[in-house]
Amino acid sequence: MSSIDLHSPEFLADPYPTFRHLRETAPLFPLQPGAWLVTRHAEADRILRDPRFAKDYLSTVARRYGPDAVEEPVFQVVNRFMLVMNPPEHLRLRALVGKAFGVKQAAELRRLALDVAETLVEGFIGQGRADLMAALAYPLPVRVICAMLGLRLEDNLEFQRETQALARVFEMSRLARADIDAANHAARMFDGYFRAVCRARRQAPGDDLISLLLRAEDGDQRLSEDEIVANITLLFVAGHETTANMLGNTLLSLHRHPDQLARLQSRPDLLPQAVNEALRYEPAVQIAARAALEDVALGGVGVRRGETLYVGLGAANRDPAAFPEPDAFRIDRPGAANPLSFGGGVHYCLGARLARIELETALAVLFRRLPGLELPDGDRPRWKSSLTIRGLERLEAVW
Ligand code: HEM
């Protein structure tokens, strides 16, 4: 296959046949000069775990947009996210932020997610129909992270718009000038806003995550204000599109496999496994980027130092070498291999536990409150045009 069209409607509707073809013919596919798409589980897993592949954020920005672009506010802010850092700085930040983030016990997070999900469903149940993306999938993780951060922003449309503008910098394709301007605006807005929140919490600390981060210490290690502000922004943004789209994808996958849906409704103990299978089958994050720190032979090609590797998480999750009959959706699939939906290695998703709790809770509440829920457009879903994020524009439901 000499070229593939990653923007065609057919690819967006179902990228997995293309991924299968690439796995079989060119497991490291040259997307652009110096950039490869990786589709097999073995190489994908190796890249995520091998320290010779690492983050190289500002170099990627310079290559894509020119050397002056690294001064753009959005790239400067993202460059302080732990997501794009390498050891040892990454380890230091991850340990400090992870400690504060992990303070809440699973039972507490479940109560919080349950409370939010019940309130949201109560708000629309009387209508008999709803777009579940807008009514449940987005507001659930936003309200949960706002509660954890001690913010009352959940229904603030300006913040939702700014979050989406900022999240666009994680696309694989080159952004237009107007998108970079919008992302700069978002980065400045978040920076100013969270700096002011930090000042207020220093004066009047609480038991929220921001106050914990301000107090966080690990031996003689502390977080600087710049690091705190950037990584609160990351926590605020990282859980939105990801969890929202994953809830939409999970509902769609279940409704497209009615036998599996019926089984789950009669066996709620299978919920964690069902969520795991949905994560494998239709992951919301499709790509994780790394750069080669040295020349490495991989998947039959010579990857040169500095080249970019786009790890296809969704592609690897359909590799038959890791998951027998990978295109079958089975909620009790034995867990032979590890789906890569939350990444792997040192950057393994910090919010994975929270995301699983949110997904399991939302499904449990929907099954209990709306047992007859149907998705009238389930056989012709409208996918977003993003390559990095896989999710639905809308998810019409009736009951
Ligand atoms: C289903 C929902 C989610 C999915 C599919 C997802 C996916 C991912 C993936 C694939 C990565 C690794 C990226 C890489 O290696 O380059 C990641 C990292 C991360 N995620 Fe998530 N995520 C989800 C939910 C969340 C939530 C709810 C939060 C927090 C509120 C969160 C916070 C983070 C953070 C902070 C990192 C960076 C970790 C590090 O660099 O050490 N995520 N996520």
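Residues numbered from 1 in each chain as written. Predicted model: local features only at pLDDT ≥ 70, side-chain atom pairs only at ≥ 80, totals over all residues. Heavy atoms only, no water.

A.B. asks: Just checking my understanding: could you explain the overall build of the chain for this structure?
C.D. replies: Along the chain, the regular secondary structure elements total 18 helices and 11 strands. For the chain, whose C-alpha radius of gyration is 21 Å, the value lies close to the compact-globule estimate of 21 Å for 399 residues. With the C-alpha coordinates aligned to their principal axes, the bounding extent of the chain is approximately 60 × 55 × 40 Å. Buried positions account for 54% of the 399 residues belonging to the chain. Contacts in the chain between residues far apart in sequence, at least 24 positions, make up 73% of those at least 6 positions apart. Summed over all atoms, the accessible surface of the chain reaches about 17,300 Å², with 53% contributed by carbon and sulfur. Charged side chains in the chain number 49 positive and 52 negative. The centres of these two groups are separated by 2 Å. (Helix = DSSP H or I, 4+ residues; strand = E, 2+ residues; numbered from the N terminus. Rg over C-alpha atoms; globule rule 2.2 N^0.38 Å. Buried < 20%, exposed > 50% of the residue type's maximum accessible area, 1.4 Å probe, protein only. Contact = heavy atoms within 4.5 Å. Areas by Shrake-Rupley, 256 points an atom, 1.4 Å probe, with all protein chains shown as cover. Lys, Arg positive; Asp, Glu negative; His and termini not counted. Charge placed at Lys NZ, Arg CZ, Asp CG, Glu CD.)

A.B. asks: I tried to follow the site of the ligand on my own but got confused; where do I start?
C.D. replies: Close to the ligand lie 27 residues, the nearest being Lys-55, His-90, Arg-290, His-347 and Cys-349. Interatomic distance of 2.7 Å between a side-chain N/O atom of His-90 and an oxygen atom of the ligand. For the shell around the ligand, the elements supplying multiple residues, two or more each, are α6 (89-101), α13 (225-238), α14 (240-255) and β7 (287-292). Residue composition of the shell around the ligand, by class: 16 nonpolar, eight polar and three charged. (Near = heavy atom within 4 Å. Polar contact = N/O pair within 3.5 Å; in protein donor to acceptor, adjacent residues only side chain to side chain. Nonpolar A, V, L, I, M, F, W, Y, C, P; charged D, E, K, R; others polar.)

A.B. asks: Explain the environment of Asp-319 here, please?
C.D. replies: Mapped onto the secondary structure, Asp-319 falls in the loop between α17 (313-316) and α18 (352-369). On a C-alpha basis, the gap between Asp-319 and Tyr-16 in space is 9.9 Å, while along the polypeptide they are 303 residues apart.

A.B. asks: In this structure, what is going on with empty space enclosed by the protein? I would like to understand it.
C.D. replies: The rolling of a water-molecule-sized probe over the atoms marks out the regions of remaining empty space. For the structure on display, the rule yields three cavities of 30 Å³ or more. Approximately 130 Å³ is the volume attributed to the largest cavity. Along the wall of the largest cavity there are 13 residues; nearest its centre are Phe-11, Pro-15, Phe-19, Gln-286 and Leu-387. In the lining of the largest cavity, the residues fall into 10 nonpolar, two polar and one charged. (1 Å grid on protein atoms, 1.4 Å probe; cavity = no way out; pocket = protein on both sides within 12 Å on 5 of 7 lines; lining within 4 Å. Points joined across faces, edges and corners; volume = space filled by probe spheres on them.)

A.B. asks: Quick question: what am I supposed to make of unusual backbone geometry here?
C.D. replies: Glycine aside, negative phi is the norm for most residues, and most peptide bonds take the trans geometry. The omega torsion of the bond from Pro-87 to Pro-88 falls at 5°, within 30 degrees of zero and hence cis. Topologically, Pro-88 is positioned in the loop between α5 (73-78) and α6. Positioned with a positive phi, Glu-325 is a non-glycine residue whose angle comes to about 45°. Summarising the element assignment, Glu-325 is placed in the loop between α17 and α18. Assessed through its relative accessible area of 54%, Glu-325 is described here as exposed.

A.B. asks: What am I meant to see in the pairing of strand β1 (residues 28-32) here?
C.D. replies: The side chains of a regular strand alternate, residue by residue, between the two faces of the sheet. Pairing analysis gives four bridges linking β1 to strand β2 (residues 35-38), with the strands arranged antiparallel. Residue pairing in the sheet places Gln-32 in a bridge with Ala-35 of β2. Hairpin connection, β1 to β2: the antiparallel pair is bridged by two residues, and Gly-34 has positive phi, about 80°. (Pairing = 2+ DSSP bridges.)

A.B. asks: Help me out: how do you make sense of α18 in this one?
C.D. replies: Think of an α-helix as turning once every 3.6 residues; residues three or four places apart then point the same way. Between its terminal C-alpha atoms α18 stretches 26 Å, which fits the 26 Å expected from 18 residues at 1.5 Å a residue. When you tally the buried positions in α18, you get 13 out of 18 residues, the bulk of the element. (Expected span 1.5 Å × (residues − 1).)

A.B. asks: For this particular structure, what's the right way to read the side chain of Glu-241?
C.D. replies: Relative to the assigned elements, Glu-241 resides in helix α14. Glu-241 sits in the buried class, given a relative accessible area of 12%. There is a polar contact of 3.2 Å between the side chain of Glu-241 and the side chain of Tyr-138. If we ignore the near neighbours within four places in the chain, the residues touching Glu-241 are Tyr-138, Gln-164, Lys-384 and Ile-389.

A.B. asks: Quick question: what am I supposed to make of the packing of aromatic side chains here?
C.D. replies: Applying the stated criterion to the full structure yields 14 aromatic pairs. Taking 5.6 Å as the distance between ring centres and 90° as the angle between the ring planes, the aromatic pair formed by Phe-11 and Phe-19 counts as edge-to-face. Phe-19 matches Phe-11 in its accessibility class, with the two residues each being buried. Judged by centre distance (5.9 Å) and plane angle (10°), the rings of Phe-190 and Phe-194 are stacked. With Phe-190 and Phe-194 both in helix α11 (residues 177-203) and four residues apart, this pair spans about one turn of that helix. (Phe/Tyr/Trp six-rings, centres within 6.5 Å; stacked < 30°, edge-to-face > 60°.)

A.B. asks: Help me understand the sheet that holds strand β3 (residues 53-54), please; the structure alone is not making it clear to me.
C.D. replies: For sheets, the rule is that strands pair by backbone hydrogen bonds, running either parallel or antiparallel. An order of β1-β2-β10-β7-β3 is seen for the five strands of this open sheet, with the pairing classed as mixed. With one partner strand each, in any of the chains shown, β1 and β3 form the two edges of the open sheet. With four bridges connecting them, β2 and strand β10 (residues 308-312) associate as parallel partners. Opposite Ala-35, over in β10, you have Thr-308 as the bridge partner.

A.B. asks: For this particular structure, what's the right way to read the packing of helix α9 (residues 139-149) against α14?
C.D. replies: Geometrically, a packed helix pair is captured by the angle between its two axes and the distance between the axes. Packing of α9 against α14 leaves a shortest axis separation of 8 Å and a crossing angle of 140°. Taken together, the axes of α9 and α14 lie oblique to each other. Remark: the crossing between α9 and α14 carries right-handed chirality. Between α9, through Leu-140, Pro-141, Val-142 and Ile-145, and α14, the contact on the second element is made entirely by His-240, Thr-243, Ala-244 and Leu-247. Looking at the contact of α9 with α14 residue by residue, the classes come out as six nonpolar, two polar and no charged. (Axes fitted to C-alpha atoms, helices over the stretch in contact; angles between N-to-C directions. Parallel < 35°, antiparallel > 145°, perpendicular 65-115°, else oblique. Left-handed = near helix turned anticlockwise from the far one by under 90°.)

A.B. asks: Looking at this model, I keep getting lost on the nonpolar core. Mind explaining?
C.D. replies: In a soluble, globular protein the nonpolar side chains are often hidden away together inside. In this structure, Phe-75, Leu-151, Phe-190, Phe-236 and Leu-247 are the most contacted members of the largest nonpolar core, which totals 106 residues. Among the elements that take part in this core, α18 stands out by supplying 10 residues, more than any other. Contacts of Leu-247, omitting those with residues within four sequence positions, involve Leu-136, Ala-137, Leu-140, Leu-359, Ala-362 and Leu-363. Core analysis: the next-biggest nonpolar cluster, separate from the first, contains 17 residues, Leu-28, Leu-298, Val-303 and Leu-340 among them. (Core = buried A, V, L, I, M, F, W, Y, C linked by side-chain atoms within 4.5 Å.)

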